[in-house]
Amino acid sequence: MASWSDFAADEPRLADGIRVLLQQYGPGFGYLATVRADGGPRVHPVSPVITDEGLFCFIIDSPKRRDLERDGRYALHSFPPEESDDEAYVAGHARPVTDPLRVAQLARSARAEPQADWRLFEFTVDVAMLTRREQQVTGVPGVAPGRPAVRVWLDPHAPSAAAPLSVPQTRPTRLSRDVQCTAA
């Protein structure tokens, strides 16, 4: 499981594009999907915090917090921009941050309400995706005009039901690819 900083070091342009979409309205804003106890999805708006050290979220006492405490799997999707249909997506595992100094530092920098019953979670990155549908992508090699440009990053160390049981020794440590989408 890669940290945000591991991912950003490996794919800085992709990480920057995702950060821009998550922070397009100032503080972070996106939709957090968690896994309910019955296995179903739960989606809530959240304000993620992206720093050089990681991707974090202050979660108040709520069903989504209990979901993360029980089953840390998450997906985070950007709020749609007004001027395009661009989108950013990150998924992985959330883990509570227990170091009081780190929690206090992030709470101060993110101006987290001190009287609220929140817990800080760090989100690892198993997969990251950025889709651009702007006019500027028409010059991207391999992407047909009018088609979205999709950039996907996968952490090969992330657990996946579709992944093989053993990882071949020749597999790169990180995998990133461009994907050409077709109209539905």
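Coordinates for the structure precede this section.
These numbers were taken from a predicted model, which means no experiment stands behind them.

Thresholds applied
- Residues numbered from 1 in each chain as written.
- Predicted model: local features only at pLDDT ≥ 70, side-chain atom pairs only at ≥ 80, totals over all residues.
- Heavy atoms only, no water.
- Helix = DSSP H or I, 4+ residues; strand = E, 2+ residues; numbered from the N terminus.
- Buried < 20%, exposed > 50% of the residue type's maximum accessible area, 1.4 Å probe, protein only.
- Contact = heavy atoms within 4.5 Å.
- Areas by Shrake-Rupley, 256 points an atom, 1.4 Å probe, with all protein chains shown as cover.
- 1 Å grid on protein atoms, 1.4 Å probe; cavity = no way out; pocket = protein on both sides within 12 Å on 5 of 7 lines; lining within 4 Å.
- Points joined across faces, edges and corners; volume = space filled by probe spheres on them.
- Nonpolar A, V, L, I, M, F, W, Y, C, P; charged D, E, K, R; others polar.
- Salt bridge = Lys/Arg side-chain N within 4 Å of Asp/Glu carboxyl O.
- Core = buried A, V, L, I, M, F, W, Y, C linked by side-chain atoms within 4.5 Å.
- Phe/Tyr/Trp six-rings, centres within 6.5 Å; stacked < 30°, edge-to-face > 60°.

(A) Main features of the overall build of the protein chain. The helix and strand inventory of the protein chain stands at four helices and ten strands. N-terminal to C-terminal, the α/β element order of the protein chain is α-α-β-β-β-β-α-β-β-α-β-β-β-β. The proportion of buried residues among the 184 residues of the protein chain is 42%. For the protein chain, long-range pairs separated by at least 24 residues make up 65% of all intrachain contacts whose partners lie at least 6 apart in sequence. Accessible surface computed for the protein chain: about 10,500 Å², of which carbon and sulfur atoms make up 54%.

(B) Representation of the environment of F123. By secondary structure assignment, the location of F123 is in strand β7 (residues 118-123). For F123, a relative accessible area of 0% gives the class buried. Between the C-alpha atoms of F123 and R73, which are 50 residues apart in sequence, the distance is 9.1 Å. Residues in contact with F123, not counting those within four places in the same chain, are W4, L32, L55, C57, L68, Y74, H93 and A94.

(C) A look at unusual backbone geometry. One non-glycine residue, R111, lies in positive phi territory at about 55 degrees. With respect to the helices, strands and loops of the structure, R111 is situated in the loop between α4 (100-110) and β7.

(D) Just the layout of surface pockets, in detail. If you add up the space inside the second largest pocket, you get close to 450 Å³. For the lining of the second largest pocket, the elements supplying multiple residues, two or more each, are β2 (41-46), β3 (49-50), β4 (55-60) and α4. The biggest single contributor to the lining of the second largest pocket is β4, with four residues. Of the residues contributing to the lining of the second largest pocket, the split by class is 14 nonpolar, six polar and three charged.

(E) Highlighting the pattern of salt bridges. Across all of its chains, the model carries 13 salt bridges by this definition. In this structure, the salt-bridge partner of E69 is R119, at a minimum N-O distance of 2.2 Å. With E69 in helix α3 (residues 63-70) and R119 in strand β7, this residue pair connects regions lying 50 residues apart in the sequence. On the accessibility criterion, E69 (39% relative accessible area) is partly exposed.

(F) Layout of the nonpolar core. Judged by nonpolar contacts, the single largest core of 26 residues is most densely connected at W4, F7, I18, L55, L68, Y74 and F123. Counting residues per element, this core draws most heavily on helix α2 (residues 12-22), which supplies five residues. With ten residues, the next largest nonpolar core counts F56, V97, V103 and L120 among its residues.

(G) Quick peek at the environment of D6. Within the secondary structure, D6 sits in helix α1 (residues 4-10). With 48 residues separating them in the primary sequence, D6 and G54 have C-alpha atoms 8.6 Å apart.

(H) Expanded view of the packing of aromatic side chains. Using the criterion set out here, one finds eight aromatic pairs in the structure. Taking 5.1 Å as the distance between ring centres and 75 degrees as the angle between the ring planes, the aromatic pair formed by W4 and F7 counts as edge-to-face. Placement of the pair is W4 and F7 together in helix α1, with a separation of three residues, close to one helical turn. Using a relative accessible area of 1% as the deciding quantity, one classes W4 as buried. Given the relative accessible area of 0%, F7 is considered buried. Every member of this aromatic cluster is reached through a ring pair, and the members are Y25, F29, Y31 and F79.

What is shown is where atoms sit, not what they do.
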